[in-house]
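Tertiary structure, described
As a plain string of letters, each chain reads:
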Amino acid sequence: MTIDQTVTCSRCGAVHTVPFHAGINVAQEPGLKAAVLDGSLFLWECPMCGTRNLLKGQTLYHDPDARLMVWLLPEGALDEEHVRSVESHLGELDGYTLRRVPDAGSLIEKVHIHEAGLDDLVMELAKHVTRLELADSEKNPALLDVPFRFFRMDGPDNRLTFSYPLDGRMFLAETGFRTYEDCRGIVQRNPALRPAAGRFATVDAAWIARFVR
Ligand SMILES: [Zn+2]
């Protein structure tokens, strides 16, 4: 489902109309999943100057087979009453993971984590633990507040790599899969960590910070 969106190039100011996916159902349109994962679905290239601009707007990513819905809802796009109303009209969505994210990068990360067969709640806790260890080993408290993104899982022992920005540059931080397994155990022993069913929860560093610090 696409709608025409009027956009302005961030570099040359040219105004264009481009299609925007207001809903992304990867069962109906399987090709869209790759375009989400490589980010191209959220970019448009200016025909005047070639600049690639980020599309803005809300969209719902739905993978019925994976029972995953991720709602890209930029801050201020909808009032909370409207969000509650949408949730109450969802009906039977047994076993679904419902997530809400404020930007395209976060949506891409959620899909990426799910496609890797991992749990995003456990991943947020693993990020938290890895951040604490890194800040300690680097003796740099500024690292406690940097945003980590899941970058990849690879190698025979499923090492996890996160990316993070610091002083205008991107860095990578690694941790063993053992960290993830430990965090999975913590989540299993503490069901209160898991968001309530039937709500689009924002599961991010702030969510984890409500429970640990
Ligand atoms: Zn342009």
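Whatever comes next refers back to the structure up there.
Residues numbered from 1 in each chain as written. Predicted model: local features only at pLDDT ≥ 70, side-chain atom pairs only at ≥ 80, totals over all residues. Heavy atoms only, no water.

Looking now at the coordination of the zinc ion. Protein coordination at the zinc ion comes from Cys9 (SG), Cys12 (SG), Cys46 (SG) and Cys49 (SG), with a distance range of 2.3 to 2.4 Å. One can describe the donor arrangement at the zinc ion as tetrahedral, given that its four donor atoms subtend angles of 103 to 113 degrees at the metal. Sequence spacing of the donor residues for the zinc ion, all on one chain, is C-x2-C-x33-C-x2-C. Classification of Cys9 by relative accessible area gives buried; the value is 4%. Among the residues examined, Cys12 registers a relative accessible area of 40% and is labelled partly exposed. (Donors = N, O, S within 2.8 Å, 3.2 Å for Na, K, Ca; no water. Tetrahedral: all angles 85-135°; square planar, octahedral: opposite > 155°, others 65-115°. Buried < 20%, exposed > 50% of the residue type's maximum accessible area, 1.4 Å probe, protein only.)

With antiparallel pairing, three strands are arranged side by side in an open sheet as S9-S10-S11. The strands lining the two open edges of the sheet, one partner per strand, are strand S9 (149–154) and strand S11 (169–175). Neighbour-to-neighbour, the strand axes of this sheet turn through a mean angle of 30 degrees, independent of strand direction. Sheet topology note: the strand S10 (residues 159–166)/S11 ladder contains seven bridges and is antiparallel. Bridge assignment links Ser163 to a residue of S11, and that residue is Leu172. Taken strand by strand, helix H4 (residues 120–137) contacts S9, S10 and S11, and its axis lies near 65 degrees from that of S10. (Pairing = 2+ DSSP bridges. Helix = DSSP H or I, 4+ residues; strand = E, 2+ residues; numbered from the N terminus. Axes fitted to C-alpha atoms, helices over the stretch in contact; angles between N-to-C directions. Contact = heavy atoms within 4.5 Å.)

Attention shifts here to the pattern of salt bridges. The full count for this structure, using the stated rule, is 16 salt bridges. In this structure, Asp119 and Arg194 form a salt bridge, with 2.8 Å as the shortest nitrogen-oxygen distance. Linking Asp119 in the loop between helix H3 (104–115) and H4 with Arg194 in the loop between helix H5 (177–189) and helix H6 (205–209), this pair joins segments that are 75 residues apart in sequence. The partner of Asp154 in a salt bridge is Arg152, with the nearest N and O atoms 3.2 Å apart. With a relative accessible area of 33%, Asp154 lands in the partly exposed category. The network of salt bridges with common partners includes Glu80, Arg84, Glu87, Arg100 and Arg199. (Salt bridge = Lys/Arg side-chain N within 4 Å of Asp/Glu carboxyl O.)

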